[in-house]
Amino acid sequence: MSDTKTLLIVEDDVGLQRQLRWAYDGYDVVVASDRASAIDAVRASEPQVVTLDLGLPPDPDGASEGLRTLAEILALKPDTKVVVASGNGAREAALAAIAGGAWDFYSKPIDIDALGLIVARAFHVHALEEENRRLATRGVIGDGLGGLITAAPEMQRVTRTIERVAAADVSVMLLGASGTGKEVLARGLHDAGPRRARPFVAINCAAIPETLLESELFGYEKGAFTGASKTTAGKIEAADGGTLFLDEIGDVPLALQVKLLRFLQERVIERIGGRRAIPVDVRIVSATHQDVDAMVAEGRFREDLYYRLAEIVVRIPSLAERSGDAALLARHFVQRHRTTLNPAVQGLSPDAIAAIDAWNWPGNVRELENRIKRAVIMADGKYVTAGDLDLPGTSDALPINLRAAREQADRSVITRALAQADGNISGTARLLGISRPTLYDLLKSYDLHG
């Protein structure tokens, strides 16, 4: 990536153009006077920062043309920092621009020094965001509760609740659909509490046959049944001093619910085939995607066990209910998987983000990650598209410029030729009709491997 700081000035006043151009001698300055030339300049120069006069022709006294220009710039290059200019008394236009994605605004007549500070700060923030994206490619993502990645107020309320109850030695039940991150939150609760230095033991009650679940939970003595060749501690015993996470607790059969209830009341267990009462100090966190209240009413789940397990109930919203989290998680999953699956991929295209925001995600975070992994593998260019995700969207949108389009096409053809030649460089060069040195240059340029 180039270190050049490119500033695009979109201004129809020629005198002001000249004044602004000379005021910013520390940047590579590009000038445009209307919407069409501004979009052309964005495609050609890919500026990090744009100053945009909202009063562009043919609407110099209004802001409609400037707002359309803003929308097109951000659709083409969403990371651009656009600083808009409005005349005195045009506060509504400036607010509309900010609502439309502008980074900052300034009022006319222009104070060159003040605008210079705004522009310098915009370049600084753009550089910080770019560095964050680079760090993200190395796996340096936020360190929320249990490693949870969220910016949604709905999910932040959940994490605040869990952080508050973490210090209290009470049983917690997490209710939410499959794929919403119940185990992540359970581990976060454990890590935030006083038992963090002791074991966190998880068991999926739905994944173990009923005949084996009791022995998995309570353990067994040598000779207790055929095949019991040695005494084995169960999951409850293994979690002594720490946290036991009972995932899909709604799938525990009624007969075993009785034994679980006795353990929760007495805090002792007996291994299968044993007679000795073993005291166990453990915190219980349980989770299910089922409607436990309905199960209790129907007699499929013991009410007394429910109240022992659900001293605190935390309801986890679905991904569709978490404002903005789908796109945030999608970016994280792209960076997590691109290194091993397709290093050429750098991010998500605007149509992919729009499609992700529009999809309902019935499989929640698990579905999102699976789709992202597949899309990263299938992507031909730098950016994952809605088509790669197999989601409704505009997957045939043009790249930002011819250079990006050519790179996308080159990558696709070179990759196919490498596969056809079984990775042989001479054979690949022959198929492409170029010399080996040229092919080596292309491989290095596009970070491809023969």
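The numbers attached to residues start from 1 for each chain and follow its sequence in the written order. Given that this is a predicted model, residues contribute local features only at a pLDDT of at least 70 and side-chain atom pairs are listed and counted only at 80 or more, while totals for whole chains, interfaces and linings are drawn from all residues. The basis for every side-chain value is the complete set of non-hydrogen atoms in the structure, without hydrogens or water.

**Concerning the overall build of the protein chain**
Scanning the protein chain from terminus to terminus reveals 19 helices and 14 strands. The atom set for the radius of gyration is the C-alpha atoms, and the globule formula is 2.2 Å times the number of residues raised to the power 0.38. Scaling as 2.2 N^0.38, a compact globule of 450 residues should have a C-alpha radius of gyration of about 22 Å, whereas the protein chain reaches 29 Å, well beyond that. Counting only C-alpha atoms and orienting by the principal axes, one finds that the protein chain spans roughly 95 × 65 × 40 Å. Taking all 450 residues of the protein chain together, the buried fraction comes to 45%. Note on contacts: a residue pair qualifies if any of its non-hydrogen atoms lie within 4.5 Å across the two residues. Looking at the protein chain alone, contacts between residues at least 24 apart form 66% of all its contacts between residues at least 6 apart. Counting from the N terminus, the helices are DSSP H or I runs at least four residues long and the strands are E runs at least two residues long. Exposure classes here rest on a 1.4 Å probe applied to the protein chains alone. A residue is buried below 20% of its type maximum, exposed above 50%, and partly exposed in between.

**Notes on the layout of surface pockets**
The rolling of a water-molecule-sized probe over the atoms marks out the regions of remaining empty space. Note on definitions: the grid is 1 Å and covers protein atoms alone; a cavity is a set of points where a 1.4 Å probe fits but cannot get out; a pocket is an open set with protein on both sides within 12 Å along at least five of seven lines; lining residues have an atom within 4 Å of a point. Grid points are joined across faces, edges and corners, and a volume is the space filled by probe spheres set on the points. Empty space within the second largest pocket amounts to approximately 530 Å³. As for the second largest pocket, its lining consists of 24 residues, of which Gly179, Thr180, Gly181, Val184 and Val365 are closest to the centre. Elements supplying a minimum of two residues to the lining of the second largest pocket: α7 (182–192), α13 (325–341) and α15 (364–378). Charged means Asp, Glu, Lys or Arg here, nonpolar means Ala, Val, Leu, Ile, Met, Phe, Trp, Tyr, Cys or Pro, and polar covers whatever is left, Gly included. Its residues assigned to classes, the lining of the second largest pocket comprises eight nonpolar, eight polar and eight charged.

**What to know about the packing of aromatic side chains**
Between rings of Phe, Tyr and Trp, where Trp is taken as its six-membered ring, a pair exists when centres lie within 6.5 Å; planes separated by under 30 degrees are stacked, by over 60 edge-to-face, and by other angles tilted. Tallying each qualifying case throughout the model produces five aromatic pairs. Taken together, the aromatic side chains of Tyr24, Tyr27 and Phe123 make up a single cluster linked through ring pairs. Residue placement shows lysine 259 over the ring face of phenylalanine 218; its charged tip is 4.6 Å from the ring centre. Placement of a positive charge over a ring is assigned whenever Lys NZ or Arg CZ falls within 6 Å of the ring centre and within 35 degrees of the normal to the ring plane. In this structure, arginine 267 is placed above the aromatic ring of phenylalanine 263, and the distance from its NZ or CZ to the ring centre is 5.6 Å.

**Here we look at the sheet that holds strand β1 (residues 6–10)**
Paired strands are those between which DSSP finds at least two bridges. Reading across from one edge, β2-β1-β3-β4-β5 is the order of the five strands in this open sheet, with parallel pairing throughout. Each having just a single partner strand, β2 (28–32) and β5 (104–107) make up the two edges of the open sheet. The mean angle between the axes of side-by-side strands here comes to 20 degrees, regardless of whether they run parallel or antiparallel. Relative to strand β3 (residues 49–53), β1 runs parallel, the two being bridged by four bridges. In the sheet register, valine 10 faces β3, and the bridge partner there is leucine 52. Angles shown run from 0 to 180 degrees and are taken between the N-to-C directions of axes, each axis being a line fitted to C-alpha atoms and, for helices, limited to the stretch in contact. Of the strands in this sheet, β1 and β2 are in contact with helix α1 (residues 14–23), which crosses β2 at around 170 degrees. Packing of helix α3 (residues 64–76) onto the sheet brings it into contact with β3 and β4 (81–86), and relative to β3 it is tilted by some 165 degrees.

**Some remarks on the pairing of β3**
In summary, the side chains of a regular strand alternate between the two faces of the sheet. Counted residue by residue, β3 has five buried out of five residues, so it is predominantly covered. Because side chains alternate across β3, one face comprises the buried residues Val49, Thr51 and Asp53, and the other comprises Val50 and Leu52, equally buried. Sheet topology note: the β3/β4 ladder contains five bridges and is parallel. Bridge pairing in β4 places valine 49 opposite lysine 81. Orienting the strands away from the viewer, one traces the path from the first strand over the helix to the second; a clockwise path indicates a right-handed crossover. Once you follow β3 into α3 and on to β4, the crossover reads as right-handed.

**As for the nonpolar core**
Ranked by size, the top nonpolar core spans 31 residues in total, and within it Ile236, Leu244 and Phe263 carry the most contacts. Those elements that provide at least two residues to this core are β6 (172–175), β7 (200–204), α8 (210–218), β8 (243–247), α10 (254–266), α11 (292–297) and α12 (303–309). For this core, the element with the most residues is α10, which contributes five residues. Among residues more than four places away in sequence, those in contact with leucine 244 are Val201, Ile203, Lys235, Ile236, Ala239, Val282, Arg283, Ile284 and Val285. Working definition of a nonpolar core: buried Ala, Val, Leu, Ile, Met, Phe, Trp, Tyr and Cys residues. They are joined through side-chain atoms within 4.5 Å. Counting 25 residues, the second largest nonpolar core, distinct from the first, contains Leu348, Ile356, Ala379 and Val384.

**Here's the deal with a nonpolar patch on the surface**
Patch criteria: residues need more than 30% relative accessible area and no salt bridge. Like-charged residues are merged within 9 Å; nonpolar side chains of Val, Leu, Ile, Met, Phe, Trp and Tyr are merged within 5 Å. All accessibility values rest on the Shrake-Rupley procedure with a 1.4 Å probe; residue burial counts only the protein chains present in the view. Within this document, salt bridges are pairs made up of a side-chain nitrogen of Lys or Arg and a carboxyl oxygen of Asp or Glu, the two lying within 4 Å of each other. A contiguous nonpolar surface patch, about 270 Å² in accessible area, is contributed by Leu341, Ile377 and Met378. Tracing the backbone shows leucine 341 in helix α13. Given a relative accessible area of 34%, leucine 341 falls into the partly exposed group.

**Digging into unusual backbone geometry**
What you tend to see is this: most non-glycine residues have negative phi, and most peptide bonds are trans. Residue proline 58 is reached from proline 57 by a cis peptide bond, and omega for that bond is 5 degrees. Looking at the element boundaries, proline 58 is found in the loop between β3 and α3. Phi at arginine 267 is positive, roughly 60 degrees, even though this residue is not glycine. Among the secondary structure elements, arginine 267 is positioned in the loop between α10 and β9 (268–269). For arginine 267, a relative accessible area of 29% corresponds to the partly exposed category.

**Let's talk about helix α4 (residues 91–99)**
Residues of α4 that are buried: Ala93, Ala94 and Ala97. Along α4, the residues classed as buried sweep out an arc of 100 degrees about the axis, all on the same side. Turned more than 90 degrees off the buried face of α4, the exposed positions are Arg91, Glu92 and Ala99. Tucked inside the fold, the buried residues of α4 contact α3, β4 and β5. Phi turns positive one or two residues past the end of α4, at glycine 101, with a value near 115 degrees. For this quantity, the arc is that covered by the directions from the helix axis to the C-beta atoms.

**Re the confidence of the model for the protein chain**
Regions with low pLDDT carry predicted coordinates that are not meant to be interpreted in detail. Confidence per residue, as judged by the predictor, is encoded in pLDDT with a range of 0 to 100. In this model, the protein chain carries an average pLDDT of 87, and 92% of its residues clear a pLDDT of 70 or more. Low pLDDT (under 50) marks residues 136–142, which in the prediction has eight contacts with non-local residues, meaning those over four places away or in another chain.

**Section: the sheet that holds β6**
Spatial strand order, β7-β8-β11-β6-β12: five strands in an open sheet with parallel pairing. Only two strands of the sheet have a single partner each, and these edge strands are β7 and β12 (312–315). Taking each pair of neighbouring strands and ignoring which way they run, the sheet shows an average axis angle of 15 degrees. In terms of strand pairing, β6 meets β12 through four bridges, oriented parallel. Residue leucine 174 lies in a different strand from β12, and its bridge partner there is valine 314.

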